[in-house]
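Report on the structure
Residue strings, one per chain:
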Amino acid sequence: IDAYYGLVQVQAVVQSGQIISLKMLHYPSDRRESLIISQQALPLLRDEVVRAQSAKVDVVSGATLTSKAFIQSLGGALGQAGPPGSNPPSQKPGTGNTNNSIGI
């Protein structure tokens, strides 16, 4: 998702309908200010999402564009994972992975 100063891409690991962890695949970092904002805001957003078990979290003050892009990317990832309690997307044969790792 375009956050104006760079792309935001979130990967979510969902197991048994629970958000286990989030990983930032891309975030604004080309400019010094963008990097500082990302380094401060994204861990806060990540931790809050895991606690809330939802993409419906508040934006971080001073990082509105990055926060909105994070939330939108995460919403897409969670949409791919399916609703809580649903069967996970099909796995490739032989992977043995029971976690759903989704990135947008």
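Residues numbered from 1 in each chain as written. Predicted model: local features only at pLDDT ≥ 70, side-chain atom pairs only at ≥ 80, totals over all residues. Heavy atoms only, no water.

All right, on to unusual backbone geometry then. In this structure, Ser16 is a non-glycine residue whose phi angle is positive, near 55°. Topologically, Ser16 is positioned in the loop between β1 (9–15) and β2 (18–26). Non-glycine residue Gln53 carries a positive phi angle of around 55°. Tracing the backbone shows Gln53 in the loop between α1 (32–52) and α2 (64–81). (Helix = DSSP H or I, 4+ residues; strand = E, 2+ residues; numbered from the N terminus.)

Turning next to the pattern of salt bridges. For the coordinates displayed, the defined rule picks out three salt bridges. The residue Arg31 makes a salt bridge to Glu33 at a minimum N-O spacing of 3.2 Å. Owing to a relative accessible area of 48%, Glu33 belongs among the partly exposed residues under this scheme. (Salt bridge = Lys/Arg side-chain N within 4 Å of Asp/Glu carboxyl O. Buried < 20%, exposed > 50% of the residue type's maximum accessible area, 1.4 Å probe, protein only.)

The next thing to look at is the packing of aromatic side chains. As enumerated under the stated definition, the model contains one aromatic pair in all. Between Tyr4 and Tyr5, the aromatic rings sit 4.7 Å apart at their centres with planes inclined by 90°, giving edge-to-face as the arrangement. Here Tyr4 falls in the exposed class, since its relative accessible area comes to 62%. Lying across the ring of Tyr5, Arg31 places its NZ or CZ 4.1 Å from the centre. (Phe/Tyr/Trp six-rings, centres within 6.5 Å; stacked < 30°, edge-to-face > 60°. Lys NZ or Arg CZ within 6 Å of the ring centre and 35° of its normal.)

This next bit is on α2. The end-to-end C-alpha distance of α2 is 26 Å, a good match for the 26 Å that 18 residues give at a rise of 1.5 Å each. Three or more residues of α2 are buried, namely Thr66, Ser67, Ala69, Phe70, Ser73, Leu74, Ala77, Leu78 and Ala81. Looking straight down α2, one finds its buried side chains confined to an arc of 165°; they lie on one side. Seen from the buried face of α2, the exposed residues on the opposite side, beyond 90 degrees, are Lys68 and Gly79. Just downstream of α2, Gly82 is the residue with a positive phi angle, here 95°. (Expected span 1.5 Å × (residues − 1). Arc of directions from axis to C-beta.)

Core analysis: the largest hydrophobic core is formed by 21 residues, its most contacted members being Ala12, Leu22, Val49, Phe70, Leu74 and Leu78. Broken down by secondary-structure element, the contributors of at least two residues to this core are β1, β2, α1 and α2. The leading source of residues in this core is α2, at six residues. The residues contacting Phe70, other than those within four sequence positions of it, are Val8, Val10, Leu22, Met24, Leu42, Leu45, Arg46 and Val49. (Core = buried A, V, L, I, M, F, W, Y, C linked by side-chain atoms within 4.5 Å. Contact = heavy atoms within 4.5 Å.)

Interpretation in functional terms is not warranted from these geometric data alone.
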